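Read off the chains here:
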Amino acid sequence: MGLFSGTKTPKDDWSAIATVIKAEAKLQALGEITPSRRAGVIYRNDENNSFQGDIKNELDVVLYVGKGATKTAFEIQDDDRGMRWIVLEDGNFGDLASSVYTVGNAIGMNDGVDNLLAAVFELYFTGTVEDNTYRSGLRTYWIYRYDRKAFYPFVPTGDSEGERDRQTEARLGQDLRKHGLVVEKSLTEWMGLWGIPF
Amino acid sequence: MYFTMFMLGFLYAIFALFLMSTGMELIFIGGIVGVMVVVQYYMSDRLILMSTGAKVVTAEQQPALHRMVKLLADRYEMPMPKVAVIDTPIPNAFATGRNPKNALVAVTTGIQQRLNERELQAVIGHELAHVANRDMRVLAIANFLVTITSFLMTMLFWNMLFGGMGGRRNNSGGGMMVVYLVTIVVYFIGQLLVLALTRYREYGADHTGAEISGDPGALADALEKISGTVNNIPDKDLRKLQTANAFLIIPAALKGEGSMHLFSTHPPLEERVKRLRELEKRMRYGLR
């Protein structure tokens, strides 16, 4: 991110999350991934926050009511590390990404900016083309950190902390940047999320 | 070693200038500088061995390393170069020699420990590619040209300022300062060009090495491993991150790589790895 590097860090979540739609479409066109339909938003739940305390009903409104509502299916899950996940599923990736943004934005707008941790997209590499760079069936997560406004790939190799395929992640990061995704420049910030509930 | 060459050349230019200011004949100055350049050119491998602490090893001392170098040298159809080892944990390797007959390839003990056989072979292949492409000679000539050019430019200015060469020298301190300054500027610009050339030759060696080994991915893996960047990816879980970013003294957006690319001899690692990966794809499945 030097003065002369030419790339700008997006100022808001939407301009960053929008790049995931572009990158996903490109990789699909190249035959490298299967259509992706699952994503999640993880945040530190605060029951005293009125919006978060009534999250189910609030999201029913945010995602289903009104013109242009994406009507993305969602599920609320608490993990064993004290975090809450909104797991989203939608056959239309553009809608899925929009819903991810909407959920994060709604939590943020209701005094929850500091509670937001990350948004996570799940993507499978297939190997339907002969020069596929990644092994077939490789499951990857693209993590978006709200505090950094950038993505990075996460390829866990197990459920315990530290178990990840760093070499593949580094490569994937470069490829995704090439495909337009806003990728976190500092590798030390690529923190994992072990035990993603989807 | 490029830095050493840079400084040596710089020294020549200043030294020649100093001789000029004493009123010595140009032809003598040219001769002295010429001898120095030639000595440097022919002594370079020994100078480098001395300055890096590299020790030439025999096939008995390092059989595996020797076998590997021999195998690669055969593929390049060059004579077996001297093999040297530098005892340091810092992972590095270099090749030197004005031509394949006088080549030497050196690796550090650190790189031997850190890389697997395939990766080490790719690194040595890259270094031998420098020898095969005669990069030392190209560089020496480029350096020589830069030195000569800055010397000639200096003479020109000398003439303009004092009128006539080695003639009446009513040299005021200010005039001399201007001449020194011009020398430095011209030499500096010349060196930037040499650095650009060096970076270009670096890509060339990556490419040649990959063609010889048929495995560009190996060098890409090695570069990533040596640079240690991959190991910067943390073990830590994001949920353990408690503090917000707002209190960092240096905001995330301001950190990161600077703009020193112009001055570095090696192209940015990421770019080299990227090119190697692309080459890997093309080699595996044919050009499309």
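Residues numbered from 1 in each chain as written. Chains lettered and ligands numbered in written order. Predicted model: local features only at pLDDT ≥ 70, side-chain atom pairs only at ≥ 80, totals over all residues.

**Q** Tell me about the overall build of chain B, and name the residues and values.
**A** A tally of helices and strands in chain B yields nine helices and four strands. Put simply, chain B runs from its N terminus to its C terminus through helices and strands in the order α-α-β-α-β-β-β-α-α-α-α-α-α. Here chain B holds 288 residues, and the buried ones make up 30% of them. (Helix = DSSP H or I, 4+ residues; strand = E, 2+ residues; numbered from the N terminus. Buried ≥ 20, exposed ≤ 12 C-beta atoms within 10 Å, placed from the backbone.)

**Q** Could you give me a rundown of the environment of B:P81, with the residues and numbers involved?
**A** Residue and element names in this part refer to chain B. In this fold, P81 is placed in the loop between helix 3 (63-76) and strand 2 (82-86). Residue classification places P81 among the buried positions, given that 25 C-beta atoms sit within 10 Å. Between the alpha carbons of P81 and V131 there is a distance of 9.6 Å; along the sequence they are 50 residues apart. Residues in contact with P81, not counting those within four places in the same chain, are V69, A73, G97, A103, L104, V105 and V131. (Contact = placed C-beta atoms within 7 Å.)

**Q** Mind laying out the nonpolar core, listing which residues take part and the relevant values?
**A** Nonpolar side chains in soluble globular proteins tend to be buried together. Core analysis: the largest hydrophobic core is formed by 54 residues, its most contacted members being A:V100, A:A118, A:V120, A:I143 and A:F151. Once residues within four sequence positions are removed from consideration, A:V100 is found in contact with A:I17, A:A39, A:V41, A:L88 and A:A119. Membership of the second largest hydrophobic core comes to 32 residues, among which are B:V107, B:A122, B:L128 and B:L276. (Core = buried A, V, L, I, M, F, W, Y, C linked by C-beta atoms within 7 Å.)

**Q** Please give an account of the sheet that holds strand 4 (residues 104-108) of chain B that cites residues and values.
**A** Across a sheet, paired strands are connected by hydrogen bonds in the backbone, their directions being either parallel or antiparallel. All names here are of chain B. Across the sheet, which stays open at both edges, the four strands sit in the order 1-2-4-3 with mixed pairing between neighbours. Sheet topology places strand 1 (55-56) and strand 3 (93-96) at the edges, where each strand pairs with a single neighbour. The pairing of strand 1 with strand 2 spans two bridges and is antiparallel. Looking at strand 2, one finds that V56 is bridged to A84. Against the sheet, helix 5 (residues 117-132) contacts strand 3 and strand 4, and its axis sits at roughly 25° relative to strand 3. (Pairing = 2+ DSSP bridges. Axes fitted to C-alpha atoms, helices over the stretch in contact; angles between N-to-C directions.)

**Q** Report on the confidence of the model for chain A, specifying residues and quantitative values.
**A** All names here are of chain A. Mean pLDDT over chain A works out to 88, with 91% of the residues at or above the 70 mark. When mean pLDDT is compared element by element in chain A, strand 3 (residues 84-89) scores highest at 97, while helix 5 (residues 166-178) scores lowest at 87. Throughout residues 1-7 the model reports pLDDT below 50, and contacts reaching past four residues in sequence, or to other chains, amount to twelve contacts. (pLDDT = per-residue confidence, 0-100.)

**Q** A description of the sheet that holds strand 5 (residues 139-145) of chain A should follow, citing residues and the corresponding values.
**A** Residues and elements named next belong to chain A. Taken together, the six strands give an open sheet; going across it, the order is 2-3-1-4-5-6, and neighbouring strands pair in antiparallel fashion. At either margin of the open sheet sits one strand with a lone partner, and together these are strand 2 (73-78) and strand 6 (150-154). Going from strand to strand, the sheet's axes swing by 20° on average, the running direction of each strand aside. Taken strand by strand, helix 4 (residues 93-112) contacts strand 1 (38-43), strand 3 and strand 4 (116-124), and its axis lies near 15° from that of strand 1.

**Q** Go over the packing of helix 1 (residues 13-29) of chain A against helix 4 of chain A, please, and point to the residues and values.
**A** Residues and elements named next belong to chain A. It is at 10 Å that the axes of helix 1 and helix 4 come closest, and there the two elements cross at 160°. It follows from the interaxial angle that helix 1 and helix 4 lie roughly antiparallel. In this structure, the crossing between helix 1 and helix 4 has a hand that is right-handed. Across from D13, W14, I17, V20, I21 and E24 in helix 1, the residues of helix 4 making contact are F93, G94, A97, V100, Y101, G104 and N105. (Parallel < 35°, antiparallel > 145°, perpendicular 65-115°, else oblique. Left-handed = near helix turned anticlockwise from the far one by under 90°.)

**Q** Before we move on, can you summarise unusual backbone geometry with the specific residues and values?
**A** All names here are of chain A. Here D111, not a glycine, exhibits a phi torsion of approximately 60°, which is positive. As for its position among the elements, D111 is in helix 4. What makes D111 partly exposed here is the crowd of 14 C-beta atoms within 10 Å.

**Q** Explain helix 5 of chain A to me, using residue names and the numbers behind them.
**A** The end-to-end C-alpha separation of helix 5 of chain A is 19 Å, in line with the 18 Å expected for 13 residues at 1.5 Å each. Taken residue by residue, helix 5 of chain A has A:E169, A:A170, A:R171, A:L172, A:G173, A:D175 and A:L176 as its buried positions. On the buried face of helix 5 of chain A, the contacting elements are helix 1, strand 5 and strand 6 of chain A together with helix 8 (216-227) of chain B. Once helix 5 of chain A finishes, A:G180 follows within two positions and takes phi at roughly 100°, a positive value. (Expected span 1.5 Å × (residues − 1).)

**Q** So what about the environment of B:F18? Which residues, and what values?
**A** Here B:F18 shows up in helix 1 (residues 2-21). Along the chain, B:F18 and B:Y180 lie 162 residues apart, while their C-alpha atoms are 9.4 Å from each other.

**Q** Break down the pairing of strand 5 of chain A for me, with residues and values.
**A** Residues and elements named next belong to chain A. With six of its seven residues buried, strand 5 lies for the most part within the structure. Two elements, strand 4 and strand 5, share seven bridges in a ladder whose sense is antiparallel. Paired with A118 across the strands is R145, a residue of strand 5. Judged from the five bridges that link them, strand 5 and strand 6 form a sheet pairing that is antiparallel. Note that in strand 6 the partner of R145 across the bridge is A150. Here strand 5 folds back onto strand 6 in antiparallel fashion, the turn holding four residues, of which K149 has a positive phi close to 60°.

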